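Below are the chains, spelled out letter by letter.
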Amino acid sequence: MEQKVEKRQRISTLGQIGLQQFAPYLMNRIMGRYNATLRDNFRKQGLTIPQVRTLAVLSVTDGVTVNDLSVYTVIEQSTLSRTLDTLEGQGFVRREQGVTDSRIRHVFLTDDGRAEFARAWPAMHNAFEAMFDDVDDAEYAALIATLQKMLKNIRKHDI
């Protein structure tokens, strides 16, 4: 039996909702703070947020197409192309032509790239842990389930 979810009362203005109750505003502030926390650490490694985000995605999903990598990293393709040029020049990634379609490029993490991400990961993990201090496992699971529903509602890609 399908359970109906009770919808929130529809409010028409941001003033009625309030910034502290407007989820997109809160999510943007959270990610802005997370990135700012990490920016200095990454700068010491000679890396940018987009570069580390790219290495992070490839550490989990290696060999993806450039188009899919753009979706996963939430980086526009023009910026991602420059990011990949830099990472490839540093020896952290390699791009390979698609087997069945030569127009498609797959991106792979090199051993050096994997090692570089391993150096970046502790700062990412520490910032993640700090963000969820005093959030119990049930609250975290509920948040992840809600975020996945939200992503499904708005996504334009199958991934």
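Data block above holds the structure.
Residues numbered from 1 in each chain as written. Predicted model: local features only at pLDDT ≥ 70, side-chain atom pairs only at ≥ 80, totals over all residues. Heavy atoms only, no water.

Notes on the overall build of the chain
In terms of regular secondary structure, the chain is built from 7 helices and 3 strands. Its C-alpha atoms give the chain principal-axis dimensions of roughly 50 × 40 × 30 Å. Here the chain holds 159 residues, and the buried ones make up 25% of them. For the chain, restricting intrachain contacts to residue pairs at least 6 apart in sequence, the fraction spanning at least 24 positions comes to 49%. Surface summary for the chain: the accessible area is close to 11600 Å², and the carbon and sulfur share equals 52%. (Helix = DSSP H or I, 4+ residues; strand = E, 2+ residues; numbered from the N terminus. Buried < 20%, exposed > 50% of the residue type's maximum accessible area, 1.4 Å probe, protein only. Contact = heavy atoms within 4.5 Å. Areas by Shrake-Rupley, 256 points an atom, 1.4 Å probe, with all protein chains shown as cover.)

Thoughts on the nonpolar core
Counting 26 residues, the largest nonpolar core has Leu38, Phe42, Leu55, Leu69, Val93 and Met124 as its most contacted members. Broken down by secondary-structure element, the contributors of at least two residues to this core are helix 2 (23-44), helix 3 (49-60), helix 4 (66-73), helix 5 (77-89), strand 3 (105-109) and helix 6 (111-131). For this core, the element with the most residues is helix 3, which contributes 6 residues. In contact with Leu55, other than residues within four places in its own chain, are Leu47, Leu87, Phe92, Val93, Leu109, Gly113, Glu116 and Phe117. (Core = buried A, V, L, I, M, F, W, Y, C linked by side-chain atoms within 4.5 Å.)

As for the packing of aromatic side chains
Both the distance between ring centres and the angle between the ring planes are used here to describe each pair of aromatic rings. One pass over the full model with this rule turns up 4 aromatic pairs. Where Phe117 meets Trp121, the ring centres are 6.1 Å apart and the plane angle is 40 degrees; that geometry is what we call tilted. Of the two residues, Phe117 and Trp121 both sit in helix 6, 4 residues apart, roughly one turn of that helix. Judged by its relative accessible area of 10%, Phe117 is buried. Residue classification places Trp121 among the partly exposed residues on the basis of a relative accessible area of 41%. Aromatic pair Phe128 and Tyr140: ring centres 6.1 Å apart, planes at 85 degrees, arrangement edge-to-face. Taken together, the residues span a long stretch of sequence, with Phe128 in helix 6 and Tyr140 in helix 7 (residues 137-154) at a distance of 12 residues. A residue is classified by how much of its surface remains accessible, and Phe128, at 29% relative accessible area, is partly exposed. (Phe/Tyr/Trp six-rings, centres within 6.5 Å; stacked < 30°, edge-to-face > 60°.)

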